[in-house]
Structures are given as structure tokens and as C-alpha cells.
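Read off the chains here:
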Amino acid sequence: MSKIPVWAKLSPNITDLSFLAFSCLQGGADGITAINTMKGYAGIDIESLQPNLNVGGLSTYGGFSGNIIKPFALKSVSEIAIDHDCYISATGGISKWQDAVEFMLLGASSFQICTEVMLNGYNIINPLVKGLESYLERHSHTSLDCLIGTGLKKIDGYSKLDKNIKYQANIDNESCLKCGKCFISCTDGGYQAINKEKNKTYSVNPDKCAGCGLCQHVCPSNSISMISQKSLSAKN
Ligand SMILES: Cc1cc2nc3c(=O)[nH]c(=O)nc-3n(C[C@H](O)[C@H](O)[C@H](O)COP(=O)(O)O)c2cc1C
Ligand code: SF4
Ligand code: SF4
């Protein structure tokens, strides 16, 4: 029996990470670290037909880390936090203080950084600590503990989402750059709900808009907001 605390570090390369956490906690783990790297394939050079990750002409599946795995790490940490009352140390795509705050809001009590330090060195740590301090001050929190898990109440199953709430895109023509990206996305990938006027202004047809948010995602100037039907009717 170990006299020092043992935290089990979980690989995300399985179906149910929360069940794995359960098994570790049942087996005596003092806490959980999530997540390790995610398996992937680094690609193939389409001209030489050589694998990008090349060891004497042969390749294998590798572990991916950094920003690309952050959404999966957020899901894993929050699922474990919802299912189990345990300490969680978050890792997976944390590169700045805002990422760390997100993980703590979703149940982590500490966090670890690997890839970002490998890319940019220990110099990232001071700005990260300063950012956390000013965030706590701005929100009148006395310590990071105030954050842990407070965002979990905003997560539920898909079936629990209110299907009656409808969102509708709204374009602010003042800040619009008239680039037309929203028009292309909505026309070719969405619902053909954006009208292009002769003077290159864009407007949303409320009858066609499905509230998918694609236009907002592609807009380079944050000129599109999604307004819920509730607030639309409150405005009228
Ligand atoms: C080059 C490299 C080597 C790693 N070696 C280990 C290791 O030996 N043991 C381990 O538990 N995790 C290892 N990891 C995983 C990291 O500790 C971390 O869990 C993962 O990379 C996600 O965090 P990040 O996005 O901050 O890198 C390694 C990651 C990288 C990129
Ligand atoms: S929210 Fe979707 S459907 Fe509505 S305008 Fe934007 S892209 Fe089109
Ligand atoms: S994507 Fe944004 S900036 Fe471009 S036309 Fe649409 S609203 Fe304007």
C-alpha cells in the first residue's frame, strides 16, 4: 500500500472514460488525471507516399496532444466530475489561463501543461498565473477553489435541451465587412436564409433561418449574433 497519494492518469482511447475513472477510484486511486494523448495518424505525403511520421519507411499510430484535443479533454473532465466525487487534475490542450479556468469550471481542481511548454517554454507560466490572478480579482473570488465545478450545472443530456427555444441569426451591418462568407456558408452549407442585397449588405430571412449558427462561426468581424426567439419577442 502506497503512503503517498496516487492519481490514476487516464487514456482517452477507450469508449467510457468515466467508467475507467470509477474502476480506478474503486481500486484506491486518490484522484484522477485526464487526459493522456489521443491516438491518431499523422498523415501521408501524397507525392512521395511516405508517412509523415516516418521511421525507416514505416509508421504507426501516435498520441496527439495540445489544442486539438482540448474539446475531448473538456468532455472527459466534466463527465468524470459529474459522475464521481473526486479530485481531478486536468490536462489536454491547456495553453493559456483561460483554458485553465474552463477546466476548473468543469470540475478540475488542478491542471497540467505539457505541449504548450514544449512549444514555448516555461515563459508561458508567469502570464498564465497573472491571468488567473486578475480573473479571480475581476470576479471577486478569493481562490481558484471558488471555480471548481461551477460550470457543471450547465451540462445535461441532449434530450434535456429545450427543443422549443429557437435561435435566429442577426447581422449587424455597421460592423459587417461585406466579405460574404456568411452568405456562402448559409447558401451552400446551410439553409439559404441570408439575402444578398444589391448594395452588398446582407440580411437574414427569419422564415428560413434554422438557427444553426454556421454564419456566426465563419464571420471574421463578430457581426452576427444569435438571438433566441424569447429575446426576439421581448424586443418587439
Ligand atoms: C512528447 C510527449 C511525451 C509524453 N509522455 C508522457 C509520459 O511519458 N507519460 C504520461 O503520462 N504522459 C505523457 N504525455 C502526455 C502528457 O502528459 C499530457 O497528458 C498530454 O500531452 C495532454 O496534455 P497537453 O495537451 O498539455 O500536452 C506526453 C505527451 C507528449 C506530447
Ligand atoms: S444561423 Fe444558419 S440558417 Fe440561420 S442564417 Fe446563419 S447559417 Fe443560415
Ligand atoms: S461574414 Fe460577417 S463580415 Fe462577412 S458579410 Fe457576413 S456578417 Fe458581414
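Residues numbered from 1 in each chain as written. Chains lettered and ligands numbered in written order. Predicted model: local features only at pLDDT ≥ 70, side-chain atom pairs only at ≥ 80, totals over all residues.

Structural notes on helix H3 (residues 97-105)
Applied cut-off: Comment: burial labels come from other C-beta atoms within 10 Å of the residue's own C-beta, placed from the backbone, where a count of 20 or more is buried, 12 or fewer is exposed, and between is partly exposed. Elements are defined by DSSP. Helices are runs of H or I of four residues or more, strands are runs of E of two residues or more, and each kind is numbered from the N terminus. What counts as a contact is two residues whose backbone-derived C-beta atoms lie within 7 Å of each other.
Within the sequence span of H3, burial applies to Asp99, Ala100, Val101, Glu102, Phe103 and Met104. Close packing links the buried residues of H3 with helix H2 (70-83), strand S5 (87-91), strand S6 (110-112) and helix H5 (125-138). At the C-terminal side of H3, glycine 107 shows a positive phi close to 115 degrees.

A short note on the domain arrangement of the protein chain
For an interface, size is often stated in terms of accessible area lost upon the parts coming together. Rule in force here: An automatic or database domain assignment supplies the residue ranges for each domain.
Each assigned domain of the protein chain is listed here: domain 1 (7-154) and domain 2 (162-235). Inter-centroid distance (C-alpha atoms) of domain 1 to domain 2 is 33 Å.

Thoughts on the packing of helix H1 (residues 17-26) against H2
Defined as follows: Axis lines are fitted to C-alpha atoms, over the contacting stretch for helices. Their N-to-C directions set the angle, which ranges from 0 to 180 degrees. Here is the rule for angles: anything less than 35 degrees is roughly parallel, anything more than 145 is roughly antiparallel, 65 through 115 is roughly perpendicular, and the remaining ranges are oblique. Handedness of a crossing is defined here by the sense of rotation of the near helix relative to the far one, left-handed for an anticlockwise turn of less than a right angle and right-handed for a clockwise turn. Following the grouping adopted for this structure description, the nonpolar residues are Ala, Val, Leu, Ile, Met, Phe, Trp, Tyr, Cys and Pro, the charged ones are Asp, Glu, Lys and Arg, and the polar ones are all others, Gly among them.
At a minimum axis separation of 9 Å, H1 and H2 run at an interaxial angle of 50 degrees. In terms of their interaxial angle, H1 and H2 are classed as oblique. For the pair H1 and H2, the sense of crossing is right-handed. Contacts between H1 and H2 pair Leu17, Ser18 and Ala21 from the former with Ser76, Glu79, Ile80 and Asp83 from the latter. Looking at the contact of H1 with H2 residue by residue, the classes come out as 3 nonpolar, 2 polar and 2 charged.

What about the nonpolar core?
Rules: Note on definitions: a nonpolar core is a set of buried residues drawn from Ala, Val, Leu, Ile, Met, Phe, Trp, Tyr and Cys, linked by C-beta atoms within 7 Å.
Residues Ala34, Val77, Ile80, Ile88, Ala90, Phe103 and Ala108 are the most contacted members of the largest nonpolar core, which totals 27 residues. Those elements giving two or more residues to this core turn out to be H1, strand S2 (31-34), H2, S5 and H3. With 5 residues, H2 is the largest single contributor of residues to this core. In contact with phenylalanine 103, not counting residues within four places along its chain, are Leu74, Val77, Ala90, Ile94, Ala108 and Phe111.

Some words on H5
For clarity, the cut-off: For a helix, the expected span equals 1.5 Å multiplied by the number of residues minus one.
Along its 14 residues, H5 runs 20 Å from first to last C-alpha, staying within 8% of the 20 Å computed at 1.5 Å per residue. Taking burial as the measure, the 14 residues of H5 include 1 buried ones, a minor fraction of the element. Where H5 terminates, the next one or two residues include serine 140, which has phi positive at roughly 55 degrees.

A few points about the environment of leucine 106
Structurally, leucine 106 can be placed in the loop between H3 and S6. Assessed through the 27 C-beta atoms surrounding it within 10 Å, leucine 106 is described here as buried. As for leucine 106 and serine 228, which are separated by 122 residues in sequence, their C-alpha atoms are 25 Å apart. Beyond its immediate stretch of four places on either side in the chain, leucine 106 contacts Leu74, Val77, Ser78, Ala81, Gly151 and Leu152.

Describing the sheet that holds strand S1 (residues 7-10)
Rule in force here: Pairing between two strands requires that DSSP report at least two bridges joining them.
The strand order S1-S2-S5-S6 describes an open sheet built from 4 strands, whose pairing is parallel. The open sheet is flanked by S1 and S6, the only strands paired with a single partner. Geometrically, the sheet is characterised by an average inter-axis angle of 25 degrees between neighbouring strands, direction not taken into account. Examined bridge by bridge, S5 and S6 share 3 bridges and lie parallel to one another. If you follow alanine 90 over to S6, its bridge partner there is phenylalanine 111. Along the sheet, H1 contacts S1 and S2; its crossing angle with S1, the most-contacted strand, is approximately 160 degrees. Its contacts with the sheet place H2 against S2 and S5, and it is angled at close to 175 degrees to S5.

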